[in-house]
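Structural description and commentary
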Amino acid sequence: SGSLPTQLDLLDFPRDSGFFVADPLNALLLTPLIPILGVSVSYSLLVWGHLIFSGVAAHLLARRIHGSDVAGLFAGSAFCLAPVLISGIQSGTSESMAGGWLALAVMGLLGAAEGDRARSVTIASLCLFLACLGGWYAGTCAWLFWASLLVVGRPGVRRGASTRRL
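Residues numbered from 1 in each chain as written. Predicted model: local features only at pLDDT ≥ 70, side-chain atom pairs only at ≥ 80, totals over all residues. Heavy atoms only, no water.

Attention shifts here to the packing of helix 3 (residues 39-66) against helix 5 (residues 83-91). As a packed pair, helix 3 and helix 5 sit with axes 11 Å apart at the nearest point and diverge in direction by 175°. Here helix 5 runs roughly antiparallel to helix 3, going by the angle between their axes. The residues of helix 5 that touch helix 3, namely those facing Tyr43, Val47, Leu51 and Ser54, are Leu85, Ile86, Gly88 and Ile89. Taken together, the residues that form the contact of helix 3 with helix 5 break down as 6 nonpolar, 2 polar and no charged. (Axes fitted to C-alpha atoms, helices over the stretch in contact; angles between N-to-C directions. Helix = DSSP H or I, 4+ residues; strand = E, 2+ residues; numbered from the N terminus. Parallel < 35°, antiparallel > 145°, perpendicular 65-115°, else oblique. Contact = heavy atoms within 4.5 Å. Nonpolar A, V, L, I, M, F, W, Y, C, P; charged D, E, K, R; others polar.)

The next subject is the nonpolar core. Formed by 21 residues in total, the largest nonpolar core has its most connected members in Leu61, Trp101 and Ala131. Going through the elements one at a time, helix 3, helix 6 (100-114), helix 7 (118-134) and helix 8 (136-151) are the ones with two or more residues in this core. Here this core takes 9 residues from helix 6, the largest share from any one element. Dropping the residues within four chain positions of it, Ala131 is found in contact with Trp101, Ala105, Ala138, Gly139 and Ala142. (Core = buried A, V, L, I, M, F, W, Y, C linked by side-chain atoms within 4.5 Å. Buried < 20%, exposed > 50% of the residue type's maximum accessible area, 1.4 Å probe, protein only.)

Attention now goes to the pattern of salt bridges. On inspection of all chains with the given rule, the structure shows 2 salt bridges. Between Arg64 and Glu114 there is a salt bridge whose closest N-O contact spans 2.8 Å. Within this pair, whereas Arg64 is found in helix 3, its partner Glu114 is found in helix 6, the two being separated by 50 residues in sequence. Under the relative-accessibility criterion, Arg64 is labelled partly exposed at 39%. A relative accessible area of 42% places Glu114 in the partly exposed class. (Salt bridge = Lys/Arg side-chain N within 4 Å of Asp/Glu carboxyl O.)

A surface patch of nonpolar side chains, amounting to about 370 Å² of accessible area, comprises Ile36, Leu37, Val41 and Leu45. Taken together, the elements giving at least two residues each to the nonpolar patch come down to helix 2 (33-37) and helix 3. The residue Ile36 is located in helix 2 in this model. (Patch = residues over 30% accessible without salt bridge, like charges linked within 9 Å, V, L, I, M, F, W, Y side chains within 5 Å. Areas by Shrake-Rupley, 256 points an atom, 1.4 Å probe, with all protein chains shown as cover.)

The next point concerns the environment of Ile65. Along the chain, Ile65 turns up in helix 3. Take Ile65: its relative accessible area is 49%, and that puts it in the partly exposed class. Each C-alpha atom of the pair Ile65 and Met107 lies 8.9 Å from the other, and the pair is 42 residues apart in sequence.

This is the structure we're talking about:
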């Protein structure tokens, strides 16, 4: 009807309460879909998209770390079916099922720790930004991984060698 979807009749019946968007990135992704497909179909597409994205991102991260497609397949399958992501579907917390941003941020941070170019640092910064925008769970874990890279460093590398760019 030309208004923002901040009021739903199905929440908190019979008072028809509004809802709070905890993850601005998902709200941005759903804004063009809700008027065309409706709330239920749009949310279902968001759920499937996040689960597939989480599996692909975990696959790419594991393949980067271990150099094996089998490890990537196992990690991607396990991560997209992990209870921490699946529980977000039942409770309706779309920010908790956005785990792909975390895997993407970890991959970007590893690239920045290994690379010597400004491009890898820019990519890592963008990945951290998307992880924080996608939900505070992924953002917090991504920043904790960044802090652990600073304190501990990468395995098998001198401590100061991998933290110069970070």
